[in-house]
Amino acid sequence: MRFHHTVLENGLQIIAELNDQARSVAAGFFVKTGSRDESKEVAGVSHFLEHMVFKGTPRRDALAVNRDFDRVGAKHNAQTSEEDTFYHVTCLPEYLPQAFDVLSDILRPTLREVDFDTEKKVIIEEIRMYLDNPMSVAFEAAKAAHFGRHPLGQSILGTVESISGLKVEQMRDYFARRYSPANIVLAFAGKTDWDQVVALARSHCGHWTGGEASRQAVAPRGTGAFQALLRSDDQQQTIIGVADAPPLESDDRYVAQLLSTILGDHTGSRLYWALIDPGYADGVETTYQDYNQAGAYFTFLSCEPGATQANLGRVAEVYREALADDLTVQELTQAQNKVLARSVLRSERPMGRLVSLGFHWTYRHEYLPIADELEKFSRVTLDDLRRVLDRWPLLPMTIVSVGPTTDVHPPR
């Protein structure tokens, strides 16, 4: 593995992890903008803009974008989160110039009003589709309840009202401010040549303009609120709990990841044996999400409505036992083995490495080889687990219950 880094004159950062043993290459633009960077008036514009990027450029219409990727067998996609919009492509090394030509081209879209008006209908239908999904409704409500006025509580999709009222001029203004080269990291992973990718970047992106794009990354404090939302047609009760956790800037994120694996991994965790194996619930899981200057543990639970209160008590009991210092070396070792295996399997694909490379560089400005990542997980001790639990306990937590019963209250 060989790591390289440079910065173009316009501020675009370029990084690459080259691997001569790979059989493919992945490239991606990591744009540091998402729902947390939006005002209420343009809520959902980041995700909407992700769609619009594929609708055409001065050189290609939407059909040509897809056709030119397909011609070289390239696999492409994009995704928007609270903090980032990520555009990526994976292809055979010999076709990187052609695939990158398309990928870089769409990062400077035309944003035509006719395309905007058409795609707005698609976005609104997508929002309505998620409103039909109890887990999506619970998740959005739980984020909003936990983070309160903090921008991390905003919906990535926006609302029907915010998207309906959005104007194409507002999107163009947002694009000009947030898609400046100084706010983008361009990453490559896999089999390619450093001089070649720098030349490609200079040729296709060197003319991009734009200034710095700032972000108010203030650490939030969870509210600990409780809500019970009635959806009388649902067959099950869906519950999501949220508790504060270490931010991505802290190395304690490795500890938090292992804690969530011990307590709520989808197989072989404490919540699995306490609720799934005995048949009390059909779904339960704890996940850790790190954000810029923030973090959160999310607890997901789905079960029969009549079993909701008892199952909330079981979840609370699992967390109380962990807070009472009864985690074991065996549990830590098992969690480390799970996380290490997943990290290694993900890193064997250039696309897997691309994601890690880009996000680490965007927020920590560091190169983290896979061996170093594995070492950080391996070095976690029981004392680390205890220290992080003491500072970021999972109880009390913000709780949102969605389903056919509102006869639910926070666990005692």
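In case you missed it, the structure is sitting above this.
Concerning the sheet that holds strand β6 (residues 184-190)
At step 1: The strand order β1-β2-β6-β3-β5-β4 describes an open sheet built from six strands, whose pairing is mixed. Edge positions in the sheet fall to β1 (2-7) and β4 (75-80), since each has one partner strand and no second. Across this sheet, the average inter-strand angle for adjacent strands is 15 degrees, counted without regard to direction.

Here we look at the nonpolar core
At step 1: Phe29, Tyr87, Leu96, Phe100, Met171 and Phe188 are the most contacted members of the largest nonpolar core, which totals 55 residues.
At step 2: In terms of nonpolar packing, the next biggest core, distinct from the first, is built from 43 residues, Leu312, Ala322, Val388 and Leu394 among them.

Considerations on the pairing of strand β3 (residues 25-31)
At step 1: Counting buried positions along β3 gives seven out of seven residues, so the element sits mostly inside the fold.
At step 2: Across the two faces of β3 the burial is the same, with Val25, Ala27, Phe29 and Val31 and Ala26, Gly28 and Phe30 all buried.
At step 3: Pairing geometry for β3 and strand β5 (residues 85-91), over seven bridges, is antiparallel. Paired with Val25 across the two strands is Cys91, which belongs to β5.
At step 4: Judged from the seven bridges that link them, β3 and β6 form a sheet pairing that is antiparallel. The residue of β6 that forms the bridge with Ala27 is Phe188.

Topic: the environment of Gly28
At step 1: Within the secondary structure layout, Gly28 lies in strand β3.
At step 2: Its relative accessible area of 0% is what places Gly28 among the buried residues.
At step 3: Note: C-alpha distance between Gly28 and Val355 (327 residues apart in sequence) is 8.3 Å.

Definitions and limits used
- Residues numbered from 1 in each chain as written.
- Predicted model: local features only at pLDDT ≥ 70, side-chain atom pairs only at ≥ 80, totals over all residues.
- Heavy atoms only, no water.
- Pairing = 2+ DSSP bridges.
- Helix = DSSP H or I, 4+ residues; strand = E, 2+ residues; numbered from the N terminus.
- Axes fitted to C-alpha atoms, helices over the stretch in contact; angles between N-to-C directions.
- Core = buried A, V, L, I, M, F, W, Y, C linked by side-chain atoms within 4.5 Å.
- Buried < 20%, exposed > 50% of the residue type's maximum accessible area, 1.4 Å probe, protein only.

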